[in-house]
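What follows is each chain in one-letter form.
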Amino acid sequence: MALFARATSIFIVSYKNYSKLILPTVKSKTWKNFPSKSTFFGHSILNVRFSHSDQTKKGEPETFVTFDNFLKERRDEAKRSILVQVNTENSLKDLHFYCSTFGEIKSMFYYVLSDNKSHHVLVEFEKVESVDAILKSATHIKLDQVIPVHSSMLYFRKLKAKHLHAPKLKFPVKYAKLPVKDKHFLEVLQNSKTAAQQVQKCYSILKLDDLGLRLRFQTAHQLERCFSGIFPDMEALPFGSSVNGFGKMGCDLDLYINFQSNRSENEESRLVFQTKRLHDNERHQCSDFVRIIGDLIEIFAPGIFNVTKILKARVPIVKFDHRITGVECDLSLSNMSAIYMSELLYIYGEIDWRVRPVIFTIRKWAQSQGITSGNPGGYITNFSLTLLIIFYLQQKKVLPTLLELRSKALLNDLRITDTNVDCTFLRDISMLRNIEPHGEDPYALLRGFFDYYAGFDFKVDAVCLRQGAVLRKKDSSPIYICNPLEPSLNVSRNVTYREMENFRTGCRDAAWRLENAEKRHFDNSWGIISLFVHKVRNTNPGLNVADVMREREPESEESDFILASK
Ligand code: CTP
Ligand code: MG
């Protein structure tokens, strides 16, 4: 217990319950203009700097941030932040006043979780020392009833005695974007000027926003705190859609735990740590670690619930929900190539401003047609679909092949994983970026995608992003997508014939819908709108657009944030 207590300067975690969070409906307000209690249930964002560049604004290029720097900035931000539960939004000024006594606050975000109606504030300080000081001063209550772990997850208790009112806050407030309901999503598309603009809107509306990113990095940081007693160099690194630029509001958090960090042996040191030997069977060891981590966080970590350990998989994982950040999380140990895969996708998203809008639109279409699914099984995953789109964009010469990126790699781009996967490719793509609009617009690319895969011969052909070429399939998998970093693996080996057919006929149907929409011009399903009319598989023929527009408040899987009325 002593060891555990020390190891567990504990944590935070994950979120998909973002469908359980709701945002304010106001776009820009100053702090003193906070809406009244009955109308404000959102979070505020102060002085936000978005690291993910939004390339949808033509002619406004943002400086390219390398993936490493993006991770570093976000991890630093998490280290300078705490997450505080408050009674209501009325506590905000008071909390700000109290926290300010420990150091200068850079930003505050307020959100309410819809499932338990709890109110939370993410407070970012200018300096990490302020977080250290605040955690030192924090206390436990009812010590005989709780496991006294330390973490940056706190509760702001009421003062017993009356005290002076906190002074007004004077900084400008930015609000995060609203959760998107299908109805609003379609309305935004209706009000767009062109089909290309609709595609861009899909991206700007659906993408994971700043607070979503912060809470994911906060989650990762809390795991690092949790194990810092015995593994001070441990890194918990987000990967997958949370960081590759293709994450939508509410996406899960994939986390990789690296116990060794990048520290190498210090040959100067005369003192060497006493340690235990690693078992020879590395995989066995890995699943042991995963099991223990699962147990530890289940017992000690505030906010972590529903811990499920999946130990027999090729990559053992722990899944859990976090009831403070609202994130759903998949935690794994030995997955470095998946991190580099995220970096590769991030880079592809950064090279051309049309890539993310096209990918978000196609992912949304696939979700609405039941081509992708939140459930495991023979469906095409979002990851496989993304690779299919990138491959198509390689055929259109919008994106380079992986071999082209490898041929431009510099010495400091060299990366070989511990399992010998060569993940070397150009990291700083500043010179390759295509920010100016030219060539086909995003809508034309979208149409081209459906035409391309409607006619693709999945029976014999495989897609290879490494070479940017169609290859012969190596086995009888219904869809064969060579893993770009490990070409002998098929990324979509889970996909069944039925799902491959569903995808192909879906592409044909989408091409047909777009063609028809072009003939009709500006009716209520003009442009890309008809793509999102739900197809309910094997049951009803589906809603028509008018039905969708009539629906009162349809459930949306996109809603990341905040909630609801009290
Ligand atoms: N990954 C991989 N090879 C696979 C499957 C996944 O390298 N065969 C890596 C990719 O980097 C992927 C990440 O693991 O992005 C996470 O996988 P997953 O959660 O399935 O996909 P996401 O891209 O995160 O998409 P989603 O939003 O659906 O979670
Ligand atoms: Mg994921």
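Calculation criteria
Residues numbered from 1 in each chain as written. Chains lettered and ligands numbered in written order. Predicted model: local features only at pLDDT ≥ 70, side-chain atom pairs only at ≥ 80, totals over all residues. Heavy atoms only, no water. Helix = DSSP H or I, 4+ residues; strand = E, 2+ residues; numbered from the N terminus. Buried < 20%, exposed > 50% of the residue type's maximum accessible area, 1.4 Å probe, protein only. Contact = heavy atoms within 4.5 Å. Areas by Shrake-Rupley, 256 points an atom, 1.4 Å probe, with all protein chains shown as cover. Expected span 1.5 Å × (residues − 1). Core = buried A, V, L, I, M, F, W, Y, C linked by side-chain atoms within 4.5 Å. Domains from an automatic or database assignment. Near = heavy atom within 4 Å. Polar contact = N/O pair within 3.5 Å; in protein donor to acceptor, adjacent residues only side chain to side chain. Phe/Tyr/Trp six-rings, centres within 6.5 Å; stacked < 30°, edge-to-face > 60°. Salt bridge = Lys/Arg side-chain N within 4 Å of Asp/Glu carboxyl O. Pairing = 2+ DSSP bridges. Axes fitted to C-alpha atoms, helices over the stretch in contact; angles between N-to-C directions. Donors = N, O, S within 2.8 Å, 3.2 Å for Na, K, Ca; no water.

**Focus: the overall build of the protein**
Secondary structure summary: the protein contains 15 helices and 16 strands in total. Scored against the burial criterion, the 566 residues of the protein give a buried share of 55%. Within the protein, counting contacts between residues at least 6 apart in sequence, those at least 24 apart form 73% of the total. Element-wise, carbon and sulfur atoms account for 52% of the exposed surface of the protein, whose accessible area totals about 27000 Å².

**Focus: helix α10 (residues 355–368)**
In an α-helix, one turn spans 3.6 residues, which is why side chains three or four residues apart end up on the same side. In this model, α10 (14 residues) spans 20 Å end to end at C-alpha, consistent with the 20 Å of a helix rising 1.5 Å per residue. The buried fraction of α10 amounts to 13 of the 14 residues, a majority that puts the element mostly inside the structure. Residue glycine 370 follows α10 closely and has a positive phi angle near 70°.

**Focus: the nonpolar core**
Trp365, Leu405, Phe449, Phe450, Tyr453, Phe503 and Ile528 are the most contacted members of the largest nonpolar core, which has 90 residues in total. For this core, the element with the highest residue contribution is helix α9 (residues 336–351), accounting for 11 residues. Inspection of this core shows a minimum of three residues originating in each of domain 1 (18–181) and domain 2 (352–564). Those residues within four positions of leucine 405 in sequence are excluded, and the remaining contacts are Leu344, Ile347, Tyr348, Ile351, Pro400, Phe425, Leu426, Ile429 and Leu432. Core analysis: the next-biggest nonpolar cluster, separate from the first, contains 26 residues, Leu255, Val290, Leu296 and Leu331 among them.

**So, unusual backbone geometry**
A positive phi angle, close to 55°, is found at asparagine 306, a residue other than glycine. Relative to the helices and strands, asparagine 306 is located in strand β11 (residues 304–310). Unusually for a residue other than glycine, asparagine 420 sits at a positive phi of about 70°. Residue classification places asparagine 420 among the exposed residues on the basis of a relative accessible area of 66%.

**Side note on the site of ligand 1**
All residues adjacent to ligand 1 are Phe239, Gly240, Ser241, Asn244, Asp252, Asp254, Ala338, Met341, Ser342, Arg363, Asn382 and Phe383. Between an oxygen atom of ligand 1 and a side-chain N or O atom of serine 342, the distance comes to 3.4 Å. Residue asparagine 382 places a side-chain N or O atom 3.0 Å away from an oxygen atom belonging to ligand 1. Protein contacts shield 75% of the accessible area of ligand 1, which totals 560 Å² for the unbound molecule.

**A few points about the packing of aromatic side chains**
Here a ring pair, both rings aromatic, is described through the centre-centre distance and the interplanar angle of the planes. By the definition in use, this model includes 25 aromatic pairs. Residues phenylalanine 259 and phenylalanine 289 carry aromatic rings whose centres are separated by 5.4 Å and whose planes lie at 80° to one another, so their mutual orientation is edge-to-face. Linking phenylalanine 259 in the loop between β10 (253–258) and α8 (282–300) with phenylalanine 289 in helix α8, this pair joins segments that are 30 residues apart in sequence. The class for phenylalanine 259 is buried, based on a relative accessible area of 18%. Owing to a relative accessible area of 26%, phenylalanine 289 belongs among the partly exposed residues under this scheme.

**Some words on the pattern of salt bridges**
One pass over the full model with this rule turns up 23 salt bridges. For arginine 354, the salt bridge identified is with aspartate 352, shortest N-O distance 2.9 Å. Accessibility expressed as a relative area gives 4% for arginine 354, which makes it buried. What makes aspartate 352 buried here is its relative accessible area of 0%. Between glutamate 499 and arginine 498 there is a salt bridge; the shortest N-O distance is 3.9 Å.

**As for the sheet that holds strand β12 (residues 317–322)**
Reading across the sheet, the 5 strands line up as β9-β10-β13-β12-β11 and stay open at both edges, with mixed pairing between neighbours. Of all the strands in the sheet, the pair left with one neighbour each is β9 (235–239) and β11. Averaged over all neighbouring strand pairs, the angle between strand axes comes to 25°, with direction disregarded. With 5 bridges joining them, β9 and β10 adopt antiparallel strand pairing. Its bridge partner lying in β10, leucine 237 is registered against tyrosine 256. Lying over the sheet, α9 contacts β9 and β10, oriented at roughly 45° with respect to β9.

**So, the coordination of the magnesium ion (ligand 2)**
Protein-derived coordination of the magnesium ion (ligand 2) comes from Asp252 (OD) and Asp254 (OD), at a distance range of 2.2 to 2.4 Å. Summarising the burial analysis for this pair, aspartate 252 and aspartate 254 share the class buried.

**Here we look at the environment of tryptophan 365**
For tryptophan 365, the position within the fold is in helix α10. The spacing of tryptophan 365 and alanine 510 is 145 residues in sequence and 8.7 Å in space, taken between C-alpha atoms. Setting aside its immediate chain neighbours within four residues, tryptophan 365 contacts Ile371, Phe450, Phe503, Gly506, Cys507, Ala510, Leu531 and Phe532.

**Let's talk about the sheet that holds strand β15 (residues 469–472)**
Two modes of strand pairing occur in sheets, parallel and antiparallel, and in both the strands are linked by backbone hydrogen bonds. Strand order in the open sheet formed by 3 strands is β15-β14-β16, and the pairing between neighbours is mixed. Single-partner strands in this sheet number two, and they are β15 and β16 (481–482). Two strands pair when backbone bridges link them, and strand β14 (residues 461–464) and β16 are joined in this way by 2 bridges, in the parallel orientation. By the bridge assignment, cysteine 464 is partnered in β16 with cysteine 482. Helix α11 (residues 382–395) rests against β14, β15 and β16 of the sheet, and its axis sits at about 85° to β14.

**Side note on the side chain of arginine 354**
Tracing the backbone shows arginine 354 in the loop between α9 and α10. There is a polar contact of 2.5 Å between the side chain of arginine 354 and the backbone oxygen of glutamate 440.

**Observations regarding the side chain of serine 530**
By secondary structure assignment, the location of serine 530 is in the loop between α14 (497–520) and α15 (545–550). Its relative accessible area of 8% is what places serine 530 among the buried residues. Setting aside residues up to four positions removed in sequence, serine 530 forms contacts with Arg513 and Ser525.

**Quick notes on the pairing of strand β13 (residues 328–332)**
Among the 5 residues that make up β13, 4 are buried, leaving the element largely enclosed by the rest of the structure. Where β10 lies against β13, 4 bridges are found, and the strand directions are parallel. For leucine 255, the partnering residue across the bridge sits in β13 and is leucine 331. In terms of strand pairing, β12 meets β13 through 5 bridges, oriented antiparallel. Looking at the pairing, aspartate 321 lines up with glutamate 328 of β13. Between β12 and β13, which follow one another and run antiparallel, lie 5 residues, and glycine 326 among them has a positive phi close to 75°.

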